[in-house]
Number of protein chains: 2
Amino acid sequence: MNVIDAMNRRRTTEYFEPDGLLLSRDEIEKLIADACLSPSEFNLQPWRFIVVRDLARKEILYECTDHQEKIRNAVAVLILCGDSMAFQSVDDMARSRVEAECLREEEVAEFCRLVTARYEKSKWERALLAVRNPAFAGMSLMLLALERGIASAPIFSFSEEAIRRSFHIQPRFLPVMLIALGLPSTHGAQPSRGPRVDTKSVVFHEDMAAMEF
Amino acid sequence: MNVIDAMNRRRTTEYFEPDGLLLSRDEIEKLIADACLSPSEFNLQPWRFIVVRDLARKEILYECTDHQEKIRNAVAVLILCGDSMAFQSVDDMARSRVEAECLREEEVAEFCRLVTARYEKSKWERALLAVRNPAFAGMSLMLLALERGIASAPIFSFSEEAIRRSFHIQPRFLPVMLIALGLPSTHGAQPSRGPRVDTKSVVFHEDMAAMEF
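Since the structure is predicted, the reported quantities are computational estimates derived from the model, not experimental observations.

Observations regarding the overall build of chain A
Then, number 1: Helix and strand content of chain A: 8 helices and 5 strands.
Then, number 2: The secondary structure elements of chain A, listed N-terminal to C-terminal, are α-α-β-α-α-β-α-α-α-β-α-β-β.
Then, number 3: Along the three orthogonal principal directions, the C-alpha set of chain A runs to about 60 × 50 × 35 Å.
Then, number 4: A total of 213 residues make up chain A; the buried ones form 46% of that total.
Then, number 5: In chain A, once contacts between residues fewer than 6 apart in sequence are set aside, the share between residues at least 24 apart is 79%.

Structural notes on the environment of S140 of chain A
Then, number 1: Take S140 of chain A: it is sitting in helix 7 (residues 123-147).
Then, number 2: Looking at S140 of chain A, the number of C-beta atoms within 10 Å reads 27, which means it is buried.
Then, number 3: Residues S140 of chain A and L22 of chain A lie 118 residues apart in sequence; the distance between their C-alpha atoms is 21 Å.
Then, number 4: What S140 of chain A contacts, discounting residues up to four positions off in sequence, is A35 and S38 of chain A together with M7 and M139 of chain B.

With respect to the relation of the copies chain A and chain B
The two chain copies are connected by a rotation around an axis plus a translation along it.
Then, number 1: Overlaying chain A on chain B yields an RMSD of 0.0 Å, the required transformation being a rotation through 180° with an accompanying axial translation of 0.0 Å. The superposition operator between the copies reduces to a two-fold rotation axis.
Then, number 2: Comparing contact sets, 100% of the residues at the interface of chain A also lie at the interface in chain B, consistent with an isologous, same-surface contact.

What about the interface of chain A and chain B?
Then, number 1: Listed as interface residues are 65 residues of chain A and, on the opposing side, 65 residues of chain B.
Then, number 2: Take the side of chain A that touches chain B: its biggest share by element is 11 residues, from helix 7 of chain A.
Then, number 3: Here the side of chain A that touches chain B is composed, by residue class, of 39 nonpolar, 13 polar and 13 charged.
Then, number 4: Looking at chain direction, strand 5 (residues 203-205) of chain A and strand 1 (residues 47-52) of chain B are connected through 3 bridges and run parallel. Among the inter-strand pairings, H205 of chain A is bridged to a residue of strand 1 of chain B, identified as V51 of chain B.

Regarding the sheet that holds strand 1 of chain B
Then, number 1: Ordered by their spatial adjacency, 5 strands build an open sheet running 5(A)-1(B)-2(B)-4(B)-3(B), and the pairing between neighbours is mixed. Single-partner strands in this sheet number two, and they are strand 5 of chain A together with strand 3 (151-155) of chain B. When the angles between neighbouring strand axes are averaged without regard to direction, this sheet yields 25°.
Then, number 2: Examined bridge by bridge, strand 3 of chain B and strand 4 (residues 173-182) of chain B share 5 bridges and lie antiparallel to one another. Each residue of the ladder has a partner; that of P154 of chain B, found in strand 4 of chain B, is I179 of chain B.

Observations regarding the packing of helix 7 of chain A against helix 7 (residues 123-147) of chain B
Then, number 1: Remark: helix 7 of chain A packs on helix 7 of chain B, axes separated minimally by 8 Å, with the N-to-C direction vectors making an angle of 40°. In this view, helix 7 of chain A runs oblique relative to helix 7 of chain B, as classed from their interaxial angle. The two elements helix 7 of chain A and helix 7 of chain B cross, and the hand of that crossing is right-handed. Taken together, the residues of helix 7 of chain B that come into contact with helix 7 of chain A (itself represented by A127, L128, V131, R132, A135, F136, M139 and S140 of chain A) are A127, L128, V131, R132, A135, F136, M139 and S140 of chain B.
Then, number 2: Each residue belonging to the contact of helix 7 of chain A with helix 7 of chain B can be placed in one class, and the counts come to 12 nonpolar, 2 polar and 2 charged.

Section: the environment of I179 of chain A
All names here are of chain A.
Then, number 1: Tracing the chain through its elements places I179 in strand 4 (residues 173-182).
Then, number 2: Take I179: there are 23 C-beta atoms within 10 Å of it, and that puts it in the buried class.
Then, number 3: In this structure the C-alpha to C-alpha distance between I179 and A151, which are 28 residues apart in sequence, comes to 10.0 Å.
Then, number 4: Among residues more than four places away in sequence, those in contact with I179 are L78, L80, G138, L141, M142, S152 and P154.

Focus: helix 3 (residues 55-64) of chain B
All names here are of chain B.
Then, number 1: Taken residue by residue, helix 3 has K58, L61 and C64 as its buried positions. Around the axis of helix 3, the buried residues are gathered within 105° of arc, so they sit on the same side. Seen from the buried face of helix 3, the exposed residues on the opposite side, beyond 90 degrees, are L55, A56 and E59.
Then, number 2: Buried residues along helix 3 sit in contact with strand 1, helix 4 (69-73), strand 2 (76-83) and helix 8 (160-166).
Then, number 3: In the segment just after helix 3, D66 is the residue with positive phi, at about 50°.

A few points about the pairing of strand 4 of chain A
Residues and elements named next belong to chain A.
Then, number 1: Counting buried positions along strand 4 yields 10 of 10 residues, so the element is predominantly enclosed.
Then, number 2: Judged from the 8 bridges that link them, strand 2 (residues 76-83) and strand 4 form a sheet pairing that is antiparallel. Within the sheet, the bridge partner assigned to C81 lies in strand 4 and is P175.

Notes on the sheet that holds strand 2 of chain A
Then, number 1: Read from one edge of the open sheet, 5 strands run 3(A)-4(A)-2(A)-1(A)-5(B), paired in mixed fashion. Sheet topology places strand 3 (151-155) of chain A together with strand 5 (203-205) of chain B at the edges, where each strand pairs with a single neighbour. Averaged over all pairs of adjacent strands, the angle between their axes in this sheet comes to 25°, without regard to strand direction.

Let's talk about the pairing of strand 1 of chain B
Residue and element names in this part refer to chain B.
Then, number 1: In terms of burial, strand 1 is largely enclosed, as 6 of its 6 residues are buried.
Then, number 2: Side chains of strand 1 alternate between two faces, with W47, F49 and V51 and R48, I50 and V52 buried alike.
Then, number 3: Here strand 1 runs beside strand 2; their pairing, made up of 6 bridges, is antiparallel. If you follow V52 over to strand 2, its bridge partner there is V77.

Re the nonpolar core
Inside soluble globular proteins, nonpolar side chains tend to come together where they are buried.
Then, number 1: Of all hydrophobic cores here, the largest spans 132 residues; its most connected members are L78, L80 and A180 of chain A together with L78, L80 and A180 of chain B.
Then, number 2: Not counting residues up to four positions away in its chain, the partners in contact with A180 of chain B are F16, K70, I71, A74, V77, S152, A153 and I155 of chain B.

What counts, and where the lines are drawn
Residues numbered from 1 in each chain as written. Chains lettered and ligands numbered in written order. Predicted model: local features only at pLDDT ≥ 70, side-chain atom pairs only at ≥ 80, totals over all residues. Helix = DSSP H or I, 4+ residues; strand = E, 2+ residues; numbered from the N terminus. Buried ≥ 20, exposed ≤ 12 C-beta atoms within 10 Å, placed from the backbone. Contact = placed C-beta atoms within 7 Å. Least-squares fit on C-alpha atoms with pLDDT ≥ 70 in both. Nonpolar A, V, L, I, M, F, W, Y, C, P; charged D, E, K, R; others polar. Pairing = 2+ DSSP bridges. Axes fitted to C-alpha atoms, helices over the stretch in contact; angles between N-to-C directions. Parallel < 35°, antiparallel > 145°, perpendicular 65-115°, else oblique. Left-handed = near helix turned anticlockwise from the far one by under 90°. Arc of directions from axis to C-beta. Core = buried A, V, L, I, M, F, W, Y, C linked by C-beta atoms within 7 Å.

Now the structure itself:
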C-alpha cells in the first residue's frame, strides 16, 4: 500500500471487534521493530513500548483511561513511553555509530559532550526528547499496522499517574500516548474522519509575521 | 511505494545537492496537506508550517541552527510549530465535526467543556498538545516526501529563541522541529543509517516491572 493511500485510508477506529483478530507476540514485536526505523534525535531511540494484551491488564488500563471501551475490545494496546534520560547512554550509542560507520572515531568525544550538555542542562530538552521521538514511532506504527490489515486508535486521554502506578513505569519514562490495535467492528458505524482545516490556514511562507489574530 | 519500503528506505540526508531540485509552492503545500491527514488529539490539528525557501531567509535559519550546511543546500526547510492554545478554537472544531457527522449535536457542549478544562488547567498538557501532534505530521511528511522522490532531514538542534525572533513566532506557538527537503548530493558519501537497538530492549509485555536498571 502506497504511503499516500495509507494516509488517506487511516482512521481512528472507535469500535473494535472483540476477539476479532489474533495478533501474535511476534507480529506485534515486528510491527514495533519496523516502527523503530523512524528517526530520533541523535539516534538516541528514546522510546519504549508496553504491550498490553492480557484481559485483566487491559481491564486495568481501561480504568486508567476514563473507561474507553476500545481498550477492552482492542486485541492489544501499546503504551508508548519516552525515555527522558536516554542521553545517558550516548557513549554506547556513539560506539555503535562508529561501528556502523556513521560517526568517525575522532568525533566521538565531542559528540558525547554536546549531547550530554544539551539534555543535562535543560529539563525542557529532556521533555522534548521523551515526547517527539515516541510520537514519530507511533505515527509510523499506525501506518505500518494499516498496511498489515490492523486498525488502530491513538489515545491521549489517560491518567498518567494511574498508568505509571499500574504498569510500573519509572520516573525517567514518560507515557506519551496509547495505541489500540485490532479489527474494526462491523456492528455500529465508525465515526467519519474528522474534517481537516484548510491548508492555507496552517502554512506560512518565509515568515509567520503575516498571520492575523 | 509501500509503507514498509518507505520506512526501510528513509534516511536522514546529511548532504543535499544545492539547486538540485525544484519544488514548487504548490508541491510543498500539497505535501503539507497530505501530512495533515495525520491524527491529532481531539482533531485539534495544532500544527503550523513555516516554509523557508528564500536564499536570504535560509541564511538566517542557518544562523539559528549551529551552521548546519544542510539548511543552506536544502531546496526548502520547514519549521514545524505546535499551537499550545489550539484548544481555544474547540467550538469551531466541534461545529465542523457535527457537519461531518463525527460528533452529535447533543455531545458538543460536553465535548467543548472537557477539552477546554483539560488544557486550561495544565501547562504540561498544553506542551504535549504542541509537541506530539506536529511530530506525527512531521513523520508522515518525511515518508510522503520520500514517496515523491524528495529526501529529508529532521533537525532538532536549533536556538528556539533565535527562530522565534527571526520568523516572528508568537509565544503560543512552539518550534518543534525543522525538516530540510531536497535532493541527496551524489558528491561525498551520505552517512549510513544509524544502527537500531535490539527490539527486545525497548518492548515490555504487560508491565514494565521486569526491566532492570
